[in-house]
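Here is how the chains run, residue by residue.
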Amino acid sequence: MPARFTFTIPLLAALALGGCAGDGSGIQSQKMAAIKGRGTLNCGVDGKLPGFSFVGSDGRYSGLDVDICKATAAAVLGDPAKVTYRDLSSTERFAALGSGEVDLLSRNTTMTLSRDAPGGNALAFAPTTFFDGQAVMVPASSGIKSLKDVAGKPICVETGTSTELNLADRMRELNATYTPLKFQSGDQTFAAYLQGRCVAVTSDRSQLAAKRTGFPNPAEHLLLPDMLSKEPLNPATINADPAWADAVRWVVYSLIQAEEMGITAANIDAKLAEAKANKNLAQLRRFLGVDGDLGKQLGLPADFVVKTVKAVGNYGEVFERNVGQGSPLKLERGVNQQWLKGGLMYSPPFL
Amino acid sequence: MTSRSSAPPWWRNRRYLPWLVQGVVALAVGVVVAFLLTNLLLNLTARGLLLSWSWLGQPAGFDLAETILPFDASLPYWWAMLAGLVNTLRVVIAGLVGATVLGTLIGTASFSSNGLLRGLARVYVEVIRNIPLLLQLIFWYFVVFLALPNGTDAIQLPGLVLAKSGLFLGDPQLVNGVWQASLRFTVEFGALLTGLVVYTAAFIAEVVRGGIASVPKGQWEAASSLGFTPLLTLKRIVLPQALRVIVPGLNSQYISLAKNSSLAVACGFTDLYSVSETTLNQTGRAVEVMLILLGSYLVIDLVISALMNGLNGLVQLKER
């Protein structure tokens, strides 16, 4: 076992605690035991991206990525506030996850084969929380109308991201030369762009929209129509702890399924009472943990869905509040709509 | 004659004790290293990751902003890292030359009879060496170099254009809104080089000052009584003697400069570290990439040390 050789005393202590914590569920997850022993979930976020993870003037984290941390903490520890947030750069994030610095990475990370595969970064991805695509932003005054017009010019890009590779791929397809100016942090990337060092900056469409809200004159910057890639943004855990990865996976699904069933943070108590009173509502009873042992199978409390939805609301609520019409970003639901409404958000059955 | 019985036991014998202590220390270090390596290999095996170098031959797939070696995305990772290494060497060599010249000037200026010059040299050293290099690099890049005008507003002199995108020499032409020339230095290179030179020069100035101060005052007085001008005294009498003190100190400053060049990523310059970071992210081969990085900087520093030790041998007193 790798942990036996690890120097981190907290982990050893957590293991010791986890060993005697066992809820009789028989689920073997060192990670979950460590989190319970510690009493807080270490969640890796970006921290500087409005709508996804951002520290407000009140010092509190908010955003779609942050809500996934909260929902997970609510499911595992029973309290959405028991999260220790770690701001991670795109280059730090995988090392932080691999070394156990964070238990969960909820940091607009694109799921790719090489990140998922055991021979690559060996991550375990939870379901997509935001379907995105890579886009390019230019100053409106530049006269640039499409990616082709960028040929021969410098483009700012954050290093350590999949966008770097997509840009190279697309520009080769267009047979266009360009100069990639790479920076280690998003802040530096966008600062160089605003200073006019590059005529364009590329990143995920949602990220460009989010960063633009912080610009001095957001209206002076345009997103080009070109979509360079598909960027499914997923929370991630390490591959070596399948039980923990499953728990996070179904926490995300619980929010998507709740929206499909019309369960919100506001009506969850009423729905629960309704489920308890009416034995015929089999699906609802299973979902909310009144019947069956779905939660227990994951090593979570039977009513983990009630806890996650109470903590952050269903997926639709999370989306609208953070990046949708109820937020400064005002992003369209688009493909992030429920499958029944023509979108890609789809939870497997809670059976 | 001491009798055999009064001799100390072997473990307290000065003939064996040093060897014993060294042996114990060597064993302890060996055990720790073996433990760390075992730990690494076990952890890697547990994640299904074994050290592999085959990825080095695969196409990199990413582009680099500026390289001396020809590069495009279809070339392999090892070539990309080599291109990054060449960029690192370019900035390190230029930085060593620049920092030595500037540092020596400032170091000698602190002995000037001109009070203003002396004061400026002191202020320079105190201000520069007390501000972190990373901050200085960000300052040079974002505040100074990126404030340069661009396009047709660029600073244009005969055969030279200075713009936001860089310094263009030869016959600069504005093509499609972008400056082009046969010889070009980007602002990223400029900011990194300026930052490294300005920062390291402050430390070199102190080394030079210490070296000159180590030459006895009598040497100045003797030279003066022989009719040497102060400049000639410095050049022919003081500096040759001061070099004995200066060279070992310079060695460590040179090594620092080489290592500090890895902060290039703060100002967007494509150095070895920057390429490695991209490579690491694309391949997930953290341990291998780190080994290459460690090895490269180690070799650069060992080469600098070897050259400086050679120089040191030349300037030291020859006792015959």
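Residues numbered from 1 in each chain as written. Chains lettered and ligands numbered in written order. Predicted model: local features only at pLDDT ≥ 70, side-chain atom pairs only at ≥ 80, totals over all residues. Heavy atoms only, no water.

Caption draft 1: Focus on empty space enclosed by the protein. Residue and element names in this part refer to chain A. Counted under the stated rule, the structure contains 2 cavities of 30 Å³ or more. Computed from the structure, the largest cavity encloses a volume of approximately 160 Å³. Arg93, Asn108, Thr161, Asp204 and Gln207 are, among the 17 residues lining the largest cavity, the residues nearest its centre. Looking at the lining of the largest cavity, the elements that each hand over two or more residues are β6 (104-110), α6 (162-173) and β11 (200-204). The biggest single contributor to the lining of the largest cavity is β6, with 4 residues. Its residues placed into classes, the lining of the largest cavity shows no nonpolar, 10 polar and 7 charged. In this model, the second largest cavity occupies a volume close to 30 Å³. (1 Å grid on protein atoms, 1.4 Å probe; cavity = no way out; pocket = protein on both sides within 12 Å on 5 of 7 lines; lining within 4 Å. Points joined across faces, edges and corners; volume = space filled by probe spheres on them. Helix = DSSP H or I, 4+ residues; strand = E, 2+ residues; numbered from the N terminus. Nonpolar A, V, L, I, M, F, W, Y, C, P; charged D, E, K, R; others polar.)

Caption draft 2: The arrangement of the pairing of strand β3 (residues 166-169) of chain B in detail. Residues and elements named next belong to chain B. Strand direction decides the pairing type here: strand β2 (residues 160-163) and β3, joined by 4 bridges, are antiparallel. Looking at the pairing, Leu160 lines up with Leu169 of β3. In textbook terms, the turn of a hairpin is the stretch between consecutive antiparallel strands, and for β2 and β3 this stretch comprises 2 residues. With 4 bridges connecting them, β3 and strand β6 (residues 183-186) associate as antiparallel partners. Looking at the pairing, Leu167 lines up with Phe185 of β6. (Pairing = 2+ DSSP bridges.)

Caption draft 3: A look at the packing of aromatic side chains. Throughout the structure, instances matching the rule amount to 21 aromatic pairs over all chains. When the ring of A:Tyr315 is compared with that of A:Phe319, the centres are 6.2 Å apart and the planes differ by 50 degrees; the resulting orientation is tilted. Of this pair, A:Tyr315 and A:Phe319 are both found in helix α14 (residues 315-322), 4 residues apart, which corresponds to roughly one turn of the helix. Exposure remark for A:Phe319: the relative accessible area of 0% places this residue in the buried category. Between the aromatic rings of B:Phe62 and B:Phe71, the centroid separation amounts to 6.5 Å while the plane-to-plane angle is 35 degrees, which identifies the pairing as tilted. B:Phe71 matches B:Phe62 in its accessibility class, with the two residues each being buried. Here the aromatic cluster, defined as three or more aromatic residues joined through ring pairs, consists of A:Phe52, A:Phe130, A:Tyr315 and A:Phe319. Lying across the ring of A:Phe319, A:Arg333 places its NZ or CZ 5.2 Å from the centre. Directly above the ring of B:Phe189 sits B:Arg90, whose terminal nitrogen or CZ lies 4.4 Å from the centroid. (Phe/Tyr/Trp six-rings, centres within 6.5 Å; stacked < 30°, edge-to-face > 60°. Buried < 20%, exposed > 50% of the residue type's maximum accessible area, 1.4 Å probe, protein only. Lys NZ or Arg CZ within 6 Å of the ring centre and 35° of its normal.)

Caption draft 4: Focus on the pattern of salt bridges. All names here are of chain B. Evaluated as defined, the whole model comprises 22 salt bridges over all chains. As a salt-bridge pair, Glu66 and Arg90 come within 3.3 Å of each other at their nearest N and O atoms. In this pair, Glu66 is assigned in the loop between α1 (17-46) and α2 (77-109) and Arg90 in helix α2, connecting sequence segments 24 residues apart. Note that Glu206 is salt-bridged to Arg129, the shortest N-O span being 3.7 Å. (Salt bridge = Lys/Arg side-chain N within 4 Å of Asp/Glu carboxyl O.)

Caption draft 5: How the structure looks around the environment of A:Glu274. Along the chain, A:Glu274 turns up in helix α10 (residues 268-277). In this structure the C-alpha to C-alpha distance between A:Glu274 and A:His221, which are 53 residues apart in sequence, comes to 50 Å.

Caption draft 6: Just the sheet that holds strand β1 (residues 155-157) of chain B, in detail. Residue and element names in this part refer to chain B. With antiparallel pairing, 4 strands are arranged side by side in an open sheet as β1-β2-β3-β6. Two strands lie at the open edges of the sheet, namely β1 and β6, each paired on one side alone. In this sheet, neighbouring strand axes are inclined to one another by 10 degrees on average, regardless of whether the strands run parallel or antiparallel. Taken strand by strand, helix α5 (residues 187-213) contacts β2, β3 and β6, and its axis lies near 60 degrees from that of β6. (Axes fitted to C-alpha atoms, helices over the stretch in contact; angles between N-to-C directions. Contact = heavy atoms within 4.5 Å.)

Caption draft 7: Here's a closer look at the interface of chain A and chain B. Of the residues lining the interface, 38 residues belong to chain A; the matching set on chain B comes to 42 residues. For the pair chain A and chain B, the summed buried area comes to about 3200 Å², and 51% of that belongs to carbon and sulfur atoms. On inspection of chain A and its partner chain B, the count reaches 1 salt bridge. A salt bridge links B:Glu188 to A:Arg197; the nearest nitrogen and oxygen atoms lie 2.7 Å apart. (Buried area = accessible area lost by both parts, 1.4 Å probe.)

Coordinates in, geometry out; function isn't part of it.
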